[in-house]
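# Structural features, examined
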Amino acid sequence: MTAHGRGPLLGQPTVAPARGVPVPGLEAGRLPNADDLVTARMERQRILEREDPPKLWGILDEGVLRRTVGGIEVMTGQLERLRDLADTAPHVVQIIPENGKPYHGWSGSFALLSFADGADVAHVDGFPRGYCLAEQEDVASATRACDLLTATALPPDDSAALISSILKEDYS
């Protein structure tokens, strides 16, 4: 799976901070089913820790690493989790550095999902929900966008170093 993201990071490393993140636009600040959503997200995270996990290739904008959501404790946990994934094969994490210029795919989040026994699909994030694209032309367009994002982003080792640097500079 290859993902390009501008929104929330990969999920909370612990349940307590995840439940503490307010949701803008809600009167109570929390989704009514927040506990169920957090539990589901935590379960999905375990997939990446299997003995033979699916390969996650994430490409993130540097801005999402510097935008404090949920406080310093939550962000520290998020970035430590991201750095751990960056350092764990078969996963790859790349960061597109902030330079003030737009890049291909900068306007939204999407993921390419590849399956051993089936056609690739693209998942596009949206509000209030995302959607999947299975048409060959759409998937080819998403694949090209991922290729361009990969070329624009820092190499994986430099990306892991940038995550560590941001942790030190912004959250310690």
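This text follows the structure it describes.
Since the model is a prediction, treat every value here as computed from it, not as a measurement.

### Considerations on the overall build of the protein chain
For the protein chain, the helix and strand inventory stands at 6 helices and 6 strands. When its helices and strands are written in sequence order, the protein chain yields β-α-α-β-α-α-β-β-β-β-α-α. For the protein chain, the proportion of contacts with a sequence separation of at least 24, taken over those separated by at least 6, is 73%. Within the structure as shown, the protein chain displays about 10500 Å² of accessible surface, and the carbon and sulfur contribution to it stands at 54%.

### Focus on the environment of Ile47
Tracing the backbone shows Ile47 in helix H2 (residues 34-47). In contact with Ile47, not counting residues within four places along its chain, are Pro53 and Pro54.

### Topic: helix H6 (residues 156-171)
If you check H6, its first and last C-alpha atoms are 21 Å apart, about what 16 residues at 1.5 Å a residue would give, namely 22 Å. All buried positions along H6 are accounted for by Ser159, Ala160, Leu162, Ile163, Ile166, Leu167 and Tyr171. For H6, the buried positions fall inside an angular range of 155° around the axis, keeping them on one side. Seen from the buried face of H6, the exposed residues on the opposite side, beyond 90 degrees, are Asp157, Lys168 and Glu169. Of the surrounding elements, those touching the buried residues of H6 are helix H3 (62-66), helix H4 (72-86) and strand S3 (92-96).

### Structural notes on the pairing of strand S4 (residues 110-115)
As paired elements, S4 and strand S5 (residues 118-124) share 5 bridges and run antiparallel to each other. In the strand pairing of S5, Ala111 is matched with His123. What sits between S4 and S5 in their antiparallel hairpin is a turn of 2 residues.

### Brief notes about the pairing of strand S2 (residues 57-61)
The buried count for S2 comes to 4 of 5 residues, which makes it a mostly enclosed element. Of the pairings in the sheet, the one linking S2 to S3 comprises 5 bridges and is parallel in character. The residue of S3 that forms the bridge with Trp57 is Val92.

### Here's the deal with the nonpolar core
Leu65, Leu79, Leu82, Val93, Ile95 and Ile163 are the most contacted members of the largest nonpolar core, which totals 18 residues. Elements represented by at least two residues in this core include exactly H3, H4, S3 and H6. Core analysis: the second largest hydrophobic core is formed by 13 residues, Tyr103, Phe110, Ala142 and Ala153 among them.

### Side note on the pattern of salt bridges
Following the criterion strictly, the structure yields 5 salt bridges and no others. One salt bridge in this structure joins Arg46 and Glu43, with 2.4 Å as the shortest N-O distance. Of this pair, Arg46 and Glu43 both sit in helix H2, separated by 3 residues, roughly a single helical turn. We classify Arg46 as partly exposed; its relative accessible area is 46%. Here Glu43 falls in the partly exposed class, since its relative accessible area comes to 45%. Among the ionic contacts, a cluster of salt bridges with common partners joins Glu62, Arg66, Glu169 and Asp170.

Thresholds applied
Residues numbered from 1 in each chain as written. Predicted model: local features only at pLDDT ≥ 70, side-chain atom pairs only at ≥ 80, totals over all residues. Heavy atoms only, no water. Helix = DSSP H or I, 4+ residues; strand = E, 2+ residues; numbered from the N terminus. Contact = heavy atoms within 4.5 Å. Areas by Shrake-Rupley, 256 points an atom, 1.4 Å probe, with all protein chains shown as cover. Expected span 1.5 Å × (residues − 1). Buried < 20%, exposed > 50% of the residue type's maximum accessible area, 1.4 Å probe, protein only. Arc of directions from axis to C-beta. Pairing = 2+ DSSP bridges. Core = buried A, V, L, I, M, F, W, Y, C linked by side-chain atoms within 4.5 Å. Salt bridge = Lys/Arg side-chain N within 4 Å of Asp/Glu carboxyl O.

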